[in-house]
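If you want the building blocks of each chain, they are given just below.
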Number of protein chains: 4
Amino acid sequence: MNSNYEKCLEACLECLEACNVCFDACLKEEDMKMMADCIRLDRECADICAFAAQAMTRNSPFTKQILELCAAVCERCGDECAKHNHNHCKRCAEACKKCAEACRQMIA
Amino acid sequence: MNSNYEKCLEACLECLEACNVCFDACLKEEDMKMMADCIRLDRECADICAFAAQAMTRNSPFTKQILELCAAVCERCGDECAKHNHNHCKRCAEACKKCAEACRQMIA
Amino acid sequence: MNSNYEKCLEACLECLEACNVCFDACLKEEDMKMMADCIRLDRECADICAFAAQAMTRNSPFTKQILELCAAVCERCGDECAKHNHNHCKRCAEACKKCAEACRQMIA
Amino acid sequence: MNSNYEKCLEACLECLEACNVCFDACLKEEDMKMMADCIRLDRECADICAFAAQAMTRNSPFTKQILELCAAVCERCGDECAKHNHNHCKRCAEACKKCAEACRQMIA
């Protein structure tokens, strides 16, 4: 296993965690109505990151396509989270950007 | 495959759909803040229903334990949805109750 | 919900079931060594079908991309299953082809 | 987040990886027929580990029950892998045992 693989897997798992932490925290925010897109995209992103981690580790013949999709979802979720000032959103935005980049390097 | 198996699988798939429809609709409600527990439990319940459908159909050695867990999550999600007057919540509560019952009959 | 949506969701769920039934049956075949690709692709295909069903029903903003991927995986799994004479493989090949087509009609 | 949480999450993710690596490797073994139970349980175990990681990180109200189930599946998968001499099986057995223990400490 090469270094891109390891970085990508780690980035997916960290992004999964950051998205789920953000999902949970958004559901407790006072301004929850403003967080609707964030809640939706956190779930989308955590789920595709989990799917990508499973695909990579089982040597899926569709790893490349799954990582392309994962990068697109991470990008969108990161853009949404970057609009909000909550710490969990900022941390999630960072993890999403890092994961999108790692997915793209892995499939380059 | 016996009739309990077919009923249980169908109930899990219908519950997955009802929970996800409710999740999506809750995120668009005006009173979204009141729906926080519903949103959380809709995701929990859709995910365990998908997991249960996968387990049943692949003849998992852990089907019984997974269906027990599925019944417990459906019960809780159904109780939460039953508190709200939105049509998507009412439909979800009904699908959850039906699924909890089908899981219990399957493992009886 | 329109008729393409309903057909596609139903096809994904039937394909999930056929793939998992085939996975389980392949693991019990005498000529199991010949079924290695089938076993691998059955898991790939069941997992993306479950993922697609979740995405469609929660109104995912990535439904189109996920269904494109689902169609590609179904196509490949169906091609592999079509090489084998076991009844579970034939049934799986049919469900895969039907699902690939339904995904493509849904996103057309 | 406490130290038991971090250990358990890490153990689940490492077990997911070890199980999927073992699944992929088993499908390439000459004595693949002997690995049927291992292949089946590797999938079971990777899937429940992914499910547990998702549940823990989104603060699921069902974390305890999911980790109990995860521990049981890890135990069984680890016992099966321990019967085989392949390096991927030995590594998987170790990851499974460690994950079962971490799940139990987390919910103690």
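For the structure, see preceding data.
All values derive from a computational prediction rather than experimental measurement.

Peer 1: Hey, could you run me through the interface of chain D and chain C in this one?
Peer 2: Reports of interface size often rely on the accessible area that becomes lost once the parts have come together. At the interface, 15 residues of chain D touch 15 residues of chain C. Summed over both sides, the interface between chain D and chain C buries roughly 1400 Å², with carbon and sulfur atoms accounting for 53% of that surface. When the buried area of chain D at its contact with chain C is split by residue, Lys33(D), Arg40(D) and Arg43(D) rank highest and sum to 45% of it. The interface formed by chain D and chain C includes four salt bridges. In this structure, Arg43(D) engages Asp47(C) in a salt bridge whose closest nitrogen and oxygen atoms are separated by 3.4 Å. For the pair chain D and chain C, the interface holds eight residue pairs in polar contact (both at pLDDT 80 or more). Those elements that place two or more of their residues in the side of chain D that touches chain C are α1 (3–26) and α2 (36–57) of chain D.

Peer 1: How should the interface of chain A and chain C be read in this particular structure?
Peer 2: Taken together, the contact between chain A and chain C spans 19 residues of the former and 19 residues of the latter. Of the roughly 1800 Å² buried between chain A and chain C on both sides combined, carbon and sulfur atoms contribute 60%. Run the count over chain A and chain C and you get four salt bridges. Arg58(A) is the partner of Asp47(C) in a salt bridge, and the nearest nitrogen-oxygen pair spans 3.2 Å. Applying the counting criterion to the chain A and chain C interface returns ten residue pairs in polar contact (both at pLDDT 80 or more). Ranked by residue count, the leading element in the side of chain A that touches chain C is helix α2 (residues 36–57) of chain A, at eight residues.

Peer 1: Looking at this model, I keep getting lost on the relation of the copies chain D and chain C. Mind explaining?
Peer 2: Both copies of the chain are related by one operation, a rotation about an axis with a shift along it. For the pair chain D and chain C, the best superposition has an RMSD of 0.0 Å and corresponds to a rotation of 180 degrees with a translation of 0.0 Å parallel to the axis. Look at the turn and shift together and you get a two-fold axis relating the two. For chain D, the minimum C-alpha distance to the rotation axis belongs to Lys33(D) and amounts to 3.2 Å. Interface overlap between copies is the fraction of interface residues in one copy that are interface residues in the other; for chain D against chain C it reaches 100%, indicating a shared surface.

Peer 1: Would you mind showing me how to read helix α4 (residues 87–107) of chain C here?
Peer 2: The α-helix advances 3.6 residues per turn, and as a result positions three or four apart in sequence lie on the same side. Residue and element names in this part refer to chain C. Compared with the 30 Å implied by 1.5 Å per residue over 21 residues, the 31 Å span of α4 between its first and last C-alpha is a close match. Residues of α4 that are buried: His88, Cys89, Cys92, Ala93, Ala95, Cys96, Cys99, Ala100, Ala102, Cys103 and Ile107. Buried residues belonging to α4 abut α1 (3–26), α2 (36–57) and α3 (63–81).

The rules behind the values
Residues numbered from 1 in each chain as written. Chains lettered and ligands numbered in written order. Predicted model: local features only at pLDDT ≥ 70, side-chain atom pairs only at ≥ 80, totals over all residues. Heavy atoms only, no water. Contact = heavy atoms within 4.5 Å. Buried area = accessible area lost by both parts, 1.4 Å probe. Salt bridge = Lys/Arg side-chain N within 4 Å of Asp/Glu carboxyl O. Polar contact = N/O pair within 3.5 Å; in protein donor to acceptor, adjacent residues only side chain to side chain. Helix = DSSP H or I, 4+ residues; strand = E, 2+ residues; numbered from the N terminus. Least-squares fit on C-alpha atoms with pLDDT ≥ 70 in both. Expected span 1.5 Å × (residues − 1). Buried < 20%, exposed > 50% of the residue type's maximum accessible area, 1.4 Å probe, protein only.

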